[in-house]
Amino acid sequence: MPPAPAAPRVLPAASLARLHLPGAPPVPAQLFPPWGALAQRSLCQASALETCPDIASTRPGRSCPAMSFKRNQKLHLLRLAVLLVVALAGIRFLFRDSFTLELHKHISKDSDFWGNGGDVLPEPDPRSQPLDPEAAQAAGPKQEARKQLSKDFSATEMRLVHLDLKGAAPKVSYLEQLFPLLSRLGANGVLIEYEDMFPFKGELGVLRAPYTYSEDDLERIQQLAQLNQLEVVPLVQTFGHVEFILKHDQYRHLREVERFPNSFNPHVPDTLVLLKSILAQVMDKHRRASWIHIGADEVFHLGEGTDSKNWLNRNQGDVGRMYLNHIKEVVSFLVSQYRGLRVLLWDDMLRKINVATLQESGIAKYAAPMVWYYAPDFEAEQIGSFISKYADSGFQTVWFASAFKGTTGPAQQWTPLSNHLNNHLSWLKVIQAMPKFPAIKFQGIALTGWQRYDHYSVLCELLPVGIPSLAVCLQTLVNGGFTDATKKKVLDVLGFQNIHLEKSTCDGGGGFPGSEIYRIVEQINGHLRDSVVKILEEESAIKGWFSHYHRKHQFGNPRNMESFGSKVLKVQEDWENLVQTLRAHLESIFFPDLVEEWMEENINPYLDRLRRFVKDYHEVIRLNARPKVL
């Protein structure tokens, strides 16, 4: 908003009186408002009367007769009356000006929240105009703005462990074991992406997963974090990756492109109404949070919807400005409703926006970009160009995001250690180069552990499977590299005898929470598929006397079949026993829907094949060499 007009120059009443004492030169009339000119004339007349009180009998320049006591008294009273009039008029003017300024402050407080710059658009859209915190508070849910608990992180480099709960949330009982481990490995915070695991209420209840956390669970999680010196940072997607919202019929009209549930349409007023309700419920359960992460990455198809196309036609096709208009609405709401709260967002969409547009948006005053890169090897200079851009744009702090699991394939079952270690070694080079950017402060890094690529994709590596990678990566950041001391610390904490980075394996049973799952999944990942293929496709006796044709027509010679039957039955029995053990451990940590999904994706495609073979084997054996069924 433009700056307020300058207040008119005003001379206090006392100063006016002083300027008109006998013998003082008259004050120029242009310094007075209209009422001031009248007062000046009155004062001048009073001065003349003092010189010659008998105005009726004298002419200018002529001496006055002798003054009596009564005349002098009248003159003094008249002078006091004039001075009183001037003083009252001055007070009235000053109070009027004060009221005007206070009214202006009330209306335009923090009016430079999004900056004063920017091009004049042909058809201004009210939704495109910057919202200051006061306006956002008035437009948001009817609640009193509250102050977040103030903590000083100025001298702290944060190391957040990302917990992606999309359909794979661990039970709170597992977090009771996990949080002490995270703290021991060097984490000082957790970035919790609830998605559909948050216990939404009211109309938002439709967003809840079948086994969502309860409100008591949320409180317990935060208590556990506090006990282990872990800062909790909630993550709520507010633009892209909102499939868990837009898949529901009642929110379908908020899609940017009607066919796809990925991204919000930023031009529909109901979008912000919905987001404010979601954010308010999440923040109400995170009263101790110092940061909130609003996601805002990978806003697929932005600009392809009809409303966006119309907006772009009126605004020189500026997708970046359209993106920022939505982001600043979200940020404005948060900082107005929750005083002291700091906002984080993924940076990939910001990379495409020029410095001038970022500066004009003003989001740098209240938000910080989180630069994410998950490749094992990348150049620090490449990230440096982003950091320099964000510093020029006015951001005061910058965050980074690495990955300890969930970035090497949407259906990845086993975590590649060397891949994620190299990613963190690359990030260390960037962190060590931060003195080159004195205008912006490195605040922390989030070690992401993605559980799904998006709401509709299959599961990546389970959290217990990624713990050794997390330990390696966290300790690498703490120690400035994967040194002998780093390796020793990892082995001691996890209960291993050795670690083989290139093979992504560890020697020893392990003693960390979920280590039983880690060991069983290692066997399944390395042997289940191969063992089934080997016995069903490479065993010559099966190929000769119990082929697919034999099974289809239900005939075979028991004498020949028994030569391979015991081997097949033993393979199945061993795998079934192992899978049952795995299921028991999974059920102790995860909810039933995850257990069933993981079994369907990783066990049943192979074990079902073996099960069908064994079923056919038993049926043909019982037929006792009867003719084939045609």
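The structure we're discussing is the one just above.
Residues numbered from 1 in each chain as written. Predicted model: local features only at pLDDT ≥ 70, side-chain atom pairs only at ≥ 80, totals over all residues. Heavy atoms only, no water.

1. Structural notes on the overall build of the protein
Then step 1. On a plain count of helices and strands, the protein comes out with 21 helices and 12 strands.
Then step 2. Going through the 630 residues of the protein one by one, you find that 50% of them count as buried.
Then step 3. Long-range contacts, defined as pairs at least 24 residues apart, comprise 76% of the intrachain contacts of the protein with a sequence gap of at least 6.
Then step 4. Summed over all atoms, the accessible surface of the protein reaches about 29,900 Å², with 54% contributed by carbon and sulfur. (Helix = DSSP H or I, 4+ residues; strand = E, 2+ residues; numbered from the N terminus. Buried < 20%, exposed > 50% of the residue type's maximum accessible area, 1.4 Å probe, protein only. Contact = heavy atoms within 4.5 Å. Areas by Shrake-Rupley, 256 points an atom, 1.4 Å probe, with all protein chains shown as cover.)

2. Looking at empty space enclosed by the protein
Then step 1. Taken as a whole and assessed by the stated rule, the structure comprises 3 cavities of 30 Å³ or more.
Then step 2. The space that makes up the second largest cavity amounts to roughly 60 Å³.
Then step 3. What lines the second largest cavity is His-162, Leu-163, Asp-164, Leu-165, Ala-168, Pro-170, Lys-405, Gly-449, Gln-451 and Leu-463.
Then step 4. For the lining of the second largest cavity, the element with the most residues is strand 2 (residues 158–164), which contributes 3 residues.
Then step 5. Taken together, the residues of the lining of the second largest cavity break down into 5 nonpolar, 3 polar and 2 charged. (1 Å grid on protein atoms, 1.4 Å probe; cavity = no way out; pocket = protein on both sides within 12 Å on 5 of 7 lines; lining within 4 Å. Points joined across faces, edges and corners; volume = space filled by probe spheres on them. Nonpolar A, V, L, I, M, F, W, Y, C, P; charged D, E, K, R; others polar.)

3. What to know about the pattern of salt bridges
Then step 1. In the structure shown here, the tally under the stated rule is 25 salt bridges.
Then step 2. Residues Arg-351 and Asp-347 are paired through a salt bridge, measuring 2.8 Å at the closest nitrogen-oxygen approach.
Then step 3. The exposure class assigned to Asp-347 is buried, which follows from its relative accessible area of 0%.
Then step 4. Of the charged contacts, one joins Arg-609 and Glu-537 as a salt bridge, the two residues approaching to 2.6 Å between their closest N and O atoms. You can see Arg-609 sitting in helix 21 (residues 604–623) and its partner Glu-537 sitting in helix 16 (residues 515–537), a full 72 residues away along the chain. (Salt bridge = Lys/Arg side-chain N within 4 Å of Asp/Glu carboxyl O.)

4. So, the packing of helix 12 (residues 380–392) against helix 13 (residues 417–432)
Then step 1. Where helix 12 contacts helix 13, the two axes come as close as 9 Å, and the packing angle between them is 50 degrees. One finds that helix 12 runs oblique with respect to helix 13. For helix 12 against helix 13, the interelement crossing comes out right-handed. Only Trp-427, Lys-429 and Val-430 of helix 13 make contact with helix 12, whose side of the interface consists of Ala-380, Ile-383 and Ile-387. (Axes fitted to C-alpha atoms, helices over the stretch in contact; angles between N-to-C directions. Parallel < 35°, antiparallel > 145°, perpendicular 65-115°, else oblique. Left-handed = near helix turned anticlockwise from the far one by under 90°.)

5. Some thoughts on the packing of aromatic side chains
Two aromatic rings, taken as a pair, are described by how far apart their centres are and by the angle between their planes.
Then step 1. Per the stated rule, a full pass over the model turns up 23 aromatic pairs.
Then step 2. Each ring, one from Tyr-194 and one from Phe-198, has its centre 5.7 Å from the other, and the planes form 75 degrees; the classification is edge-to-face.
Then step 3. An angle of 35 degrees between the planes, with centres 4.8 Å apart, marks the rings of Trp-414 and Tyr-518 as tilted. You can see Trp-414 sitting in the loop between strand 9 (397–405) and helix 13 and its partner Tyr-518 sitting in helix 16, a full 104 residues away along the chain. With respect to class, Trp-414 is no different from Tyr-518; both count as buried.
Then step 4. Each residue in the set Tyr-373, Phe-378, Phe-400, Trp-427 and Phe-442 is aromatic and connected to the rest through ring pairs, giving one cluster.
Then step 5. Here the basic side chain of Arg-351 rests over the ring of Trp-372, its NZ or CZ set 5.5 Å away from the ring centre.
Then step 6. Its guanidinium or amino end placed over the ring of Phe-555, Lys-628 lies 5.7 Å from that ring's centre, counting from NZ or CZ. (Phe/Tyr/Trp six-rings, centres within 6.5 Å; stacked < 30°, edge-to-face > 60°. Lys NZ or Arg CZ within 6 Å of the ring centre and 35° of its normal.)

6. Looking at the environment of Phe-198
Then step 1. Checked against the element boundaries, Phe-198 lands in the loop between strand 3 (189–193) and helix 6 (215–227).
Then step 2. You can call Phe-198 buried: its relative accessible area is 1%.
Then step 3. The spatial distance from the C-alpha of Phe-198 to the C-alpha of Gln-281 is 9.2 Å, given a sequence separation of 83 residues.
Then step 4. Setting aside its immediate chain neighbours within four residues, Phe-198 contacts Arg-208, Thr-212, Leu-218, Gln-281, Val-282, Lys-285 and His-286.

7. Quick look at unusual backbone geometry
Then step 1. In this model, His-241 sits at a positive phi of 55 degrees, which is unusual for a non-glycine residue.
Then step 2. As for its placement among the helices and strands, His-241 is situated in the loop between strand 4 (231–235) and helix 7 (243–246).
Then step 3. The phi angle at Ala-625 is positive, at roughly 65 degrees, despite the residue not being glycine.
Then step 4. Relative to the assigned elements, Ala-625 resides in the segment after helix 21.

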